[in-house]
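Structural features, examined
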Amino acid sequence: QVQLVESGGGLVQPGGSLRLSCAASGFTFSTRDMSWYRQAPGKERELVARISSIGAAPKYAASVKGRFTISSTSDKNTMYLEMNSLKVDDTAVYYCNVRGMNVRDDYWGQGTQVTVSS
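Below is a summary of the structure that appears in this document. Not measured: the values here are computed from a predicted model.

**As for the overall build of the protein chain**
Counting secondary structure elements, the protein chain contains zero helices and 11 strands. Going from the N terminus to the C terminus, the protein chain shows its helices and strands as β-β-β-β-β-β-β-β-β-β-β. In summary, the protein chain has a C-alpha radius of gyration of 14 Å against a globular reference of 13 Å for 118 residues, a match within 12%. Expressed along its principal axes, the backbone C-alpha trace of the protein chain runs to roughly 45 × 25 × 25 Å. With 118 residues in all, the protein chain has 42% of them scored as buried. Of the contacts formed within the protein chain by residues at least 6 apart in sequence, a portion of 54% connects residues at least 24 apart. Carbon and sulfur atoms make up 47% of the accessible area of the protein chain, which amounts to about 6400 Å² in all. The average position of the 13 basic charges and that of the 10 acidic charges among the side chains of the protein chain differ by 4 Å.

Following this line, the structure appears as structure tokens:
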């Protein structure tokens with residue numbers, strides 16, 4: 001059974017940093033990509049960053065480019081999101097997502113809350 005478990009969220013002041021982790025297990029398929037999404041209250045879920053398993057460069061939302069860095073372990077069992085220079089607008093629930101080569105293989109974690117506030 002596929003499981004994605006996020007951790008590392010919390011309350012941080014503007015300008016601060018956090019590192020989110022996503023522990024992945026139970027995969028029986030080849031991954032296409034691994035991503036971080038976020039959803040703020042009253043807003044749609046949006047892609048924050050994506051790392052490809054087929055060699056493409058990481059992709060970032062314009063709003064986080066230069067501040068956030070996505071990475072993973074070589075075995076793809078853990079994915080990270082390093083978040084620096086956090087802003088109030090970064091407040092959201094952050095979700096990890098893994099997609100396989102088959103469109104049916106699309107899995108989500110339960111989310112972790114990130115709150116940026118003074």
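**As for the sheet that holds strand β7 (residues 68-72)**
Strand order in this open sheet of four strands is β1-β3-β8-β7, and the pairing throughout is antiparallel. Edge positions in the open sheet fall to β1 (3-7) and β7, since each of these has one partner strand only. Across the sheet, the axes of successive neighbouring strands diverge by a mean angle of 15 degrees, strand direction being ignored. Sheet topology note: the strand β3 (residues 18-25)/strand β8 (residues 78-83) ladder contains six bridges and is antiparallel.

**Topic: the state of the cysteines**
Overall, the coordinates contain one disulfide when judged by the stated rule. At a sulfur-sulfur separation of 2.1 Å, the disulfide partner of Cys22 is Cys96. Residues Cys22 and Cys96 are joined by a disulfide whose S-S torsion is about 55 degrees; by sign, that bridge is right-handed. You can see Cys22 sitting in strand β3 and its partner Cys96 sitting in strand β9 (residues 92-100), a full 74 residues away along the chain. For the residue pair Cys22 and Cys96, the accessibility class agrees, reading buried in each case.

**Some words on the nonpolar core**
Across soluble globular proteins, nonpolar side chains have a tendency to be buried as a group. Counting residues in hydrophobic clusters, the biggest one holds 26 residues, and the most contacted among them are Trp36, Val48, Phe68, Met79, Leu81, Met83 and Tyr94. If you list the elements that add at least two residues to this core, you get β3, β4 (31-39), β5 (46-52), β7, β8, β9 and β11 (112-116). With near-sequence residues (within four places) excluded, Met79 lies in contact with Leu20, Ser21, Cys22, Met34, Ser35, Trp36, Ile51, Ile70, Ser71, Ser72, Cys96 and Asn97.

The rules behind the values
Residues numbered from 1 in each chain as written. Predicted model: local features only at pLDDT ≥ 70, side-chain atom pairs only at ≥ 80, totals over all residues. Heavy atoms only, no water. Helix = DSSP H or I, 4+ residues; strand = E, 2+ residues; numbered from the N terminus. Rg over C-alpha atoms; globule rule 2.2 N^0.38 Å. Buried < 20%, exposed > 50% of the residue type's maximum accessible area, 1.4 Å probe, protein only. Contact = heavy atoms within 4.5 Å. Areas by Shrake-Rupley, 256 points an atom, 1.4 Å probe, with all protein chains shown as cover. Lys, Arg positive; Asp, Glu negative; His and termini not counted. Charge placed at Lys NZ, Arg CZ, Asp CG, Glu CD. Pairing = 2+ DSSP bridges. Axes fitted to C-alpha atoms, helices over the stretch in contact; angles between N-to-C directions. Disulfide = S-S within 2.5 Å. Core = buried A, V, L, I, M, F, W, Y, C linked by side-chain atoms within 4.5 Å.

All quantities given are derived from atomic positions and should not be read as evidence of function.
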